[in-house]
Amino acid sequence: MKPQSLCIFFLLHFFALLCTAASEHEDPSTGGTIVFTTLGRSNYAWDIYTLPTSDPPSPSNELRVTDGESVNFNGQFPSTSPSSVLSLLHNRSLIRTPGPQAPPPIQLVYVTERNGMPNIYYDALYYGAPGSTRSRSALEVPVRIQAPLLGLEESKNRVSMKDRPSLSGENLIYVSTHEDPGEPRTSWAAVYSTHLRTGLTRRLTPSGIADFSPAVSPSGVWTAVASYGKEGWGGEVEELSTDIYVFLTRDGTHRVKVVEHGGWPCWVDDSTLYFHRRSEDQWISVYKATFPKDKPVSTESVTIQRVTPPGLHAFTPATSPGNHKFIAVATRRPNSSFRHIELFDTVKNEFIELTRHVSPTTHHLNPFISPDSARVGYHKCRGESNGAKATQLLLENVKSPVPNLSLFRMYGSFPSFSPAGDRIAYVDFPGVYVVNRDGSNLRQVFHLNAFGSAWDPVRKGIVYTSAGPEFSSVSTEVDIVSINVDVVEQSNYKRLTIDGKNNAFPSPSPDGKRIVFRSGRSGHKNLYIMDAIEGETSWIERLTDGPWTDTMCNWSPDGDWIAFSSDRHNPGSGSFELYMIHPNGTGLRRLLRSGSSGRVNHPSFRPDGKLLVFTTDYGGISAEPISNPHHYQPYGEIFTMKLDGTDLKRLTHNSYEDGTPTWAPLYINPVDVEWPRKGECAFEDCHWLNEMPGRGTKLVGPWGLAKPQCGVL
């Protein structure tokens, strides 16, 4: 029997979107297209898998539960019966359940990003025979019932990340980032509860506060979260300095801090929860919090006990109701470059390795345990051997919150479009590549290390880039080069700067005669303008001058303005804000304040010059970084703004690092673009987990260092 996959709400919406999409020649002033990069995201290919907790782990015992579409992660095995869940769905007319003789299904609630929009899905997999669930071949025969739990009506078409969902009774508890707190660099993440039968949604997190990683107690009465409380995010990009708060699930009241310094809470019973935090010996370990039964709960009355020993990192714990015998954790051991899932026997104080015996050279994230303690789930990269598609997306459609604006996540860094819009240049460290917009004719056009790309608006086939190491000092040898991408010989490029003092981020004027770029030749990174054809040997002039960093410049389509990022408001602080200046050095003004130590990077003008797109941490952090792969800044999101500093709009909502956005010169229909390149299906663990306390050990991931996207290069 073939799997049944019923995604009713999104299929209808997707086909409607295709029918009403504007043509590719639509006037870009009415919206347009933005393409950006998400660090590592193109190689995730996550699916959710499960292993039995009682049998010896082996490849034959591992089941892939999700269907291989898009990325699927952060799952939960709900305790609600399948019939009860299906009765909550609004449109049940097309859902046909197996007969009453069918064995109980494997149920899963999880986050998925299919159709360009993060949502929470429910899957139920019915197998033909009770014993078949232990066979890998059984994956091809179950009947799959699948439906989004947050339809378009309930989510009001909002684009937002979902963090860590829990189905409790008739209510879905999850994190969304759709409400703007109105303060720069303040997280939008808040916990919501949606009653699935009625669609009624209630915010459980107080206004002005951010909550992460919600966990509902077995009774459903309490929800625990990791939160900064009123203090707010302190700028951490590694382990967060959050506390654990508990409140009533029904309405968010009776909120109380129960643990200082902790994250990723999970319950065993209504008076016992586990969490992770960095210990005084610097190992990240799992702890247990026990609530008193005879006095009010507070940080003073709760008993804290360390559970996992030093010598390894153990984090993102998972429990099952009433099970005090073992927990599941993700680990990073000193002798391994990979994150794995293990069980920790809380009675014997022993680890039982699971995933290392199944796929030893793959990262496994965020375990969760079934209500009966019989299964542990997690997500990992599925790989071709597990049913991954052979092709990868060049452009992945991302649902846009703005009408007539299409958004695409692109493989590769620093994308830019040719003037005709038919070709895209991008960086894939090392080297610069060019590919047709339909994914064909991929070629490497520059083989040395480079960052940034910009097409000449007049001379056909000319692309500018910065040749040299990224993230380097003012004196490091980096030069501007022009590349003729239509010449196949290795001598297809010309060096335009000659001093090698960190010359980077070239952007040509609309007439193609000049280039603005940043240079460290004065001892500080400031902006300069030079001849676009012959370079600085013809002429060069200084645009900005000061003991600060001006960088990431972009010339407006009408030639009147140059937008750039700068720390001139607080030199050397690492905080970058958005500025504009006329090419003659007049009219300097600041467009956006990024908040304390914040960053606004990589501005790019819309083709009509009326809007800027950029990446920023204005929206704070959206999830605990340790629950994701490595990101240098796990907070970058894509925003747009008018040139007078008004009409700030957030376009992307996820816990990844979105960066290096650019406008396309024409509107592109919001449909995925595949290319014949095979997916790598690989990503890096958090780099800061490579450092092993007290051992002088720093493990290096098997794929080398990932390249940052929205940092200050």
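Bear in mind that the values here come from a model prediction, so they are computed numbers and not experimental data.

**Regarding the overall build of the protein**
- In terms of helices and strands, the protein carries three helices and 51 strands.
- Residues classed as buried in the protein amount to 61% of the 713 residues present.
- Across the protein, every contact between residues at least 6 apart in sequence was considered, and the portion connecting residues at least 24 apart equals 57%.
- Carbon and sulfur atoms provide 51% of the accessible area of the protein, an area that totals close to 26200 Å².

**Notes on the sheet that holds strand E4 (residues 72-76)**
- The four strands lie next to each other as E4-E5-E6-E7, forming an open sheet whose pairing is antiparallel. Where the open sheet ends on each side, the last strands, each with one partner, are E4 and strand E7 (143-148). Taking each pair of neighbouring strands and ignoring which way they run, the sheet shows an average axis angle of 30 degrees.
- Alignment of strand E6 (residues 119-126) against E7, held across six bridges, turns out to be antiparallel. Directly across from Tyr 121, in E7, lies its bridge partner Pro 148.

**Quick look at the sheet that holds strand E10 (residues 190-195)**
- Sheet architecture is open: four strands sit in the order E8-E9-E10-E11, paired in antiparallel fashion. With one partner strand each, in any of the chains shown, strand E8 (166-168) and strand E11 (201-203) form the two edges of the open sheet. For this sheet, the mean angle separating the axes of adjacent strands, direction not counted, is 25 degrees.
- The sheet contact formed by strand E9 (residues 171-176) and E10 spans six bridges and is antiparallel. Residue pairing in the sheet places Tyr 174 in a bridge with Tyr 192 of E10.

**Re unusual backbone geometry**
- Of note, the bond from Phe 429 into Pro 430 is cis; its omega dihedral lies within 30 degrees of zero at -5 degrees.
- For Phe 414, which is not a glycine, the phi torsion comes out positive at approximately 50 degrees.
- Tracing the sequence through the fold places Phe 414 in strand E28 (residues 413-417).
- Residue Phe 414 is classed as buried on the basis of its relative accessible area, which comes to 5%.

**Some thoughts on the pattern of salt bridges**
- Taken as a whole and judged by the stated rule, the model has 34 salt bridges.
- Among the ionic pairs, Arg 255 bridges to Asp 211, the shortest N-O distance being 2.8 Å. Taken together, the residues Arg 255 in the loop between strand E14 (243-248) and strand E15 (256-259) and Asp 211 in strand E12 (residues 211-216) connect sequence positions 44 residues apart.
- Of the charged contacts in the structure, one is a salt bridge between Glu 342 and Arg 333, with a shortest N-O distance of 2.9 Å.
- Among the residues examined, Glu 342 registers a relative accessible area of 2% and is labelled buried.
- Residue classification places Arg 333 among the partly exposed positions, given a relative accessible area of 23%.
- Salt bridges linked by common partners bring Arg 41, Glu 113, Glu 396 and Arg 409 together as one network.

**A word on the nonpolar core**
- Membership of the largest hydrophobic core comes to 21 residues, with the highest contact counts inside it found for Phe 414, Val 432, Phe 446, Phe 451, Ile 483, Val 485 and Phe 505.
- Elements represented by at least two residues in this core include exactly strand E29 (423-427), strand E30 (432-436), strand E31 (443-446), strand E32 (450-455), strand E33 (462-467), strand E34 (479-484) and strand E36 (504-508).
- Top contributing element to this core by residue count: E32, with three residues.
- Setting aside residues up to four positions removed in sequence, Val 432 forms contacts with Tyr 426, Val 427, Arg 443, Gln 444, Val 445, Phe 446, Ala 450, Thr 465 and Ile 483.

**Here's the deal with the pairing of strand E48 (residues 658-663)**
- Of all six residues making up E48, six are buried, and the element is well covered by its neighbours.
- Where strand E1 (residues 32-38) lies against E48, four bridges are found, and the strand directions are antiparallel. Note on E48: the bridge partner recorded for Thr 38 is Asp 658.

**So, the environment of Pro 292**
- Position of Pro 292 among the secondary structure elements: in the loop between strand E18 (284-290) and strand E19 (303-306).
- Considered as a pair, Pro 292 and Thr 272 are 20 residues apart in the sequence and their alpha carbons are 9.6 Å apart.

**Section: the side chain of Thr 308**
- Mapped onto the elements of the fold, Thr 308 is located in the loop between E19 and strand E20 (313-318).
- For Thr 308, a relative accessible area of 1% puts it in the buried group.
- For Thr 308, the side chain forms a polar contact with the main-chain nitrogen of Val 286, separated by 2.9 Å.
- If near-sequence neighbours (up to four positions away) are discounted, Thr 308 is found in contact with Ser 285, Val 286, Ala 314, Phe 344 and Phe 351.

**Remarks on the state of the cysteines**
- Using the criterion set out here, one finds one disulfide in the structure.
- Here Cys 381 connects covalently by a disulfide to Cys 681, the sulfurs 1.8 Å from one another. Judged by the torsion about the S-S bond (-135 degrees), the Cys 381/Cys 681 disulfide is left-handed. Of this pair, Cys 381 sits in strand E25 (residues 375-381) while Cys 681 is found in the loop between strand E49 (673-675) and strand E50 (691-692), placing the two residues 300 residues apart along the sequence.
- Residue classification places Cys 681 among the partly exposed residues on the basis of a relative accessible area of 22%.

**So, the packing of aromatic side chains**
- Applying the stated criterion to the full structure yields 24 aromatic pairs.
- Ring centres 6.3 Å apart and planes at 90 degrees place the aromatic pair Phe 212 and Tyr 228 in the edge-to-face group. Taken together, the residues span a long stretch of sequence, with Phe 212 in strand E12 and Tyr 228 in the loop between strand E13 (222-227) and E14 at a distance of 16 residues.
- Ring geometry for Phe 446 and Tyr 493: centres 5.0 Å apart, planes at 90 degrees, overall edge-to-face.

**Section: the environment of Pro 104**
- Mapped onto the elements of the fold, Pro 104 is located in the loop between helix H2 (82-88) and strand E5 (106-112).
- Along the backbone, Pro 104 and Pro 82 are 22 residues apart, and their C-alpha atoms lie at a distance of 8.3 Å.

**So, the confidence of the model for the protein**
- Per-chain confidence: the protein averages 88 in pLDDT, with 87% of residues scoring 70 or above.
- Contacts from residues 1-29, a stretch scored under 50 in pLDDT, to residues over four places away or in other chains number 59 contacts.

**Structural notes on the environment of Gly 377**
- One can find Gly 377 in strand E25.
- The exposure class of Gly 377 is buried, given its relative accessible area of 0%.
- Apart from residues lying up to four places away in sequence, Gly 377 is in contact with Tyr 49, Thr 50, Phe 77, Asn 366, Pro 367 and Phe 368.

Rules and cut-offs
- Residues numbered from 1 in each chain as written.
- Predicted model: local features only at pLDDT ≥ 70, side-chain atom pairs only at ≥ 80, totals over all residues.
- Heavy atoms only, no water.
- Helix = DSSP H or I, 4+ residues; strand = E, 2+ residues; numbered from the N terminus.
- Buried < 20%, exposed > 50% of the residue type's maximum accessible area, 1.4 Å probe, protein only.
- Contact = heavy atoms within 4.5 Å.
- Areas by Shrake-Rupley, 256 points an atom, 1.4 Å probe, with all protein chains shown as cover.
- Pairing = 2+ DSSP bridges.
- Axes fitted to C-alpha atoms, helices over the stretch in contact; angles between N-to-C directions.
- Salt bridge = Lys/Arg side-chain N within 4 Å of Asp/Glu carboxyl O.
- Core = buried A, V, L, I, M, F, W, Y, C linked by side-chain atoms within 4.5 Å.
- Polar contact = N/O pair within 3.5 Å; in protein donor to acceptor, adjacent residues only side chain to side chain.
- Disulfide = S-S within 2.5 Å.
- Phe/Tyr/Trp six-rings, centres within 6.5 Å; stacked < 30°, edge-to-face > 60°.
- pLDDT = per-residue confidence, 0-100.

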